[in-house]
Every structure is written in structure tokens, then in C-alpha cells.
Amino acid sequence: MLPTIEYPGLSKYRVDFPAGHTVFTEGDDSRDLYILIKGSLDVLKGAQTIARIIEPGTLFGEMSFFLDAARTSTVRTATGVAAYRIPRDHIAAFLQEFPDVVIHCVKILAERLEKTSSVLYGLKELCDRLPDAVVICDRDGRLLSWNSTAEALYGIGRTVAEQTPAEMLYADPEAFRAYVRDVQHHRTVRERVFALLSSCGARFVSVSATLLFDGHHQVRGFLSLSRDVTGQQVLARRYRRIRK
């Protein structure tokens, strides 16, 4: 909890909100930073509540404050709330006047980063156990992240590096670009089979992809799941030859 008695100057930043008040809305251009004194607030994405803020001293609105970006969520009071609101254009004076409060803010952000890192590590461990290749690309189709199955299937990390266009994994880049355009138009597209670039003979993968959105429902990239279907493709070709 913030030591408000030791920092009487913080009172000039105090604001009070009644229950049911929307502090800021997803997509807003406001940049103020808030520190909770008492009460509770709900964090929403669209109409869905994704978190509740109840701990005195908790920061909220910090992403827009520090990154100078639009709000990524809506924050609404669940009870009456008292908080400190630090306008972004007061940041220089605030940092100089209340260095101990700044240290508190940094500590809170560091704790959140540690939790986020733990979650991301857990997700990576989970993805590495999946039998399918998991590949995440940005909205321009450049590789961002992948699991160990994708490394083995595509040679990512050995012959392919991060930020490489995903289309370069395939023997027909234009066909994969067309597939990505279809995904962007329809959001999710049924899986399709593509030939891989390989020095070990013909290899084929079945790919299914879905779009990834940010807090403003803007497309940020796409996630694809792939599996090796070379054996099925070889058998299908043999069957077609037999029929002929």
C-alpha cells in the first residue's frame, strides 16, 4: 500500500469515483496513470470482465501512460473508488517530486513482468508438447514464434530465422500468400496442403490458421497449426496412378 501520510503532496492527484463509473474506455486516447487507494474496479475487454482490481497501491492505465498508446481495455468501478490520477504531461514533475512512489510503481511493474514471463514460459512448454507445429506470425506474415515441432518440421532456427516471411517455408510462396489472404478475409480457413522446401525429397504439410486480434479488435497476426502429411500424399498419388 502506498504510504500516503508520508506523501501529503499526492493529495492533489486524488480523484473519487462512484460505483458504476467508467474511468476510461477501450480505445480511448487518454494517457493518465492511476494508482488505487481504496475500492475495487473491473477490467473489461468488450463486454467481458477479464480482471478485478482490489489491492491498494495497484497501478492501472499504465500501458497507455508509459507507451503513449490508446487504452487496451475498459476500466469501470465496481464500488466507490479513491485513486491517484497522474496526467501524462505531469510525469517529469511527478518523477522528481515522488521518487519513492516511482520505485513502488517500478516494483509493481516488475512483479507483473515476472508473472507474465512465467505464463509465457508455461505456454511455450505446453506448445512444445503438442504434436502439431505451432507458428505465430505478425500481420505481415513474418515469423514471430514457434514450438519445437515447428523447428523440426520447417527447420526454423537452423535454416530459417525470426522475421523471415512465412511464405518462404513453402515451395510455392504465392500459394501460401493467397492462403493468408483468405484467412484475413474469412478469419479462419479450413486446412490446406502445401509442399515444403526440402533437400530430402518431396514433403507436404497440412496447415490451418486463425487470426490474432489486439484489444481494439485489430488484426495483429495469425497462428497456424501444421502437421506432416507426406505419407498420406504419397499414398493418395499412388492410388490415383493405380486408378488411371
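Look up a bit, the structure's there.
Thresholds applied
- Residues numbered from 1 in each chain as written.
- Predicted model: local features only at pLDDT ≥ 70, side-chain atom pairs only at ≥ 80, totals over all residues.
- Heavy atoms only, no water.
- 1 Å grid on protein atoms, 1.4 Å probe; cavity = no way out; pocket = protein on both sides within 12 Å on 5 of 7 lines; lining within 4 Å.
- Points joined across faces, edges and corners; volume = space filled by probe spheres on them.
- Helix = DSSP H or I, 4+ residues; strand = E, 2+ residues; numbered from the N terminus.
- Phe/Tyr/Trp six-rings, centres within 6.5 Å; stacked < 30°, edge-to-face > 60°.
- Buried < 20%, exposed > 50% of the residue type's maximum accessible area, 1.4 Å probe, protein only.
- Lys NZ or Arg CZ within 6 Å of the ring centre and 35° of its normal.

Caption draft 1: Up close: the layout of surface pockets. Of the pockets and cavities examined, the second largest pocket occupies roughly 250 Å³. If you trace the second largest pocket, you find ten residues lining it, with Leu123, Lys124, Cys127, Ile136 and Ser145 closest to the centre. Breaking the lining of the second largest pocket down by element, the ones donating at least two residues are helix 3 (99-129), strand 9 (133-138) and strand 10 (143-146). The element that contributes the greatest number of residues to the lining of the second largest pocket is helix 3, accounting for four residues.

Caption draft 2: Broad picture of the packing of aromatic side chains. In the structure shown here, the tally under the stated rule is twelve aromatic pairs. Taking 5.8 Å as the distance between ring centres and 85 degrees as the angle between the ring planes, the aromatic pair formed by Tyr13 and Phe94 counts as edge-to-face. Placement of the pair is Tyr13 in the segment before strand 1 (14-17) and Phe94 in helix 2 (residues 91-97), with a sequence separation of 81 residues. The buried category is assigned to Tyr13, whose relative accessible area is 7%. A relative accessible area of 3% means that Phe94 is categorised as buried. When the ring of Tyr170 is compared with that of Phe194, the centres are 5.4 Å apart and the planes differ by 55 degrees; the resulting orientation is tilted. Of this pair, Tyr170 sits in the loop between helix 4 (148-154) and helix 5 (173-186) while Phe194 sits in strand 11 (residues 188-195); the two residues are 24 residues apart in sequence, bridging distant segments of the chain. Three or more aromatic residues joined by ring pairs form one cluster here, namely Tyr154, Tyr170, Phe176, Tyr179 and Phe194. The ring of Phe24 carries Arg71 above its face, with NZ or CZ at 3.9 Å from the centroid.

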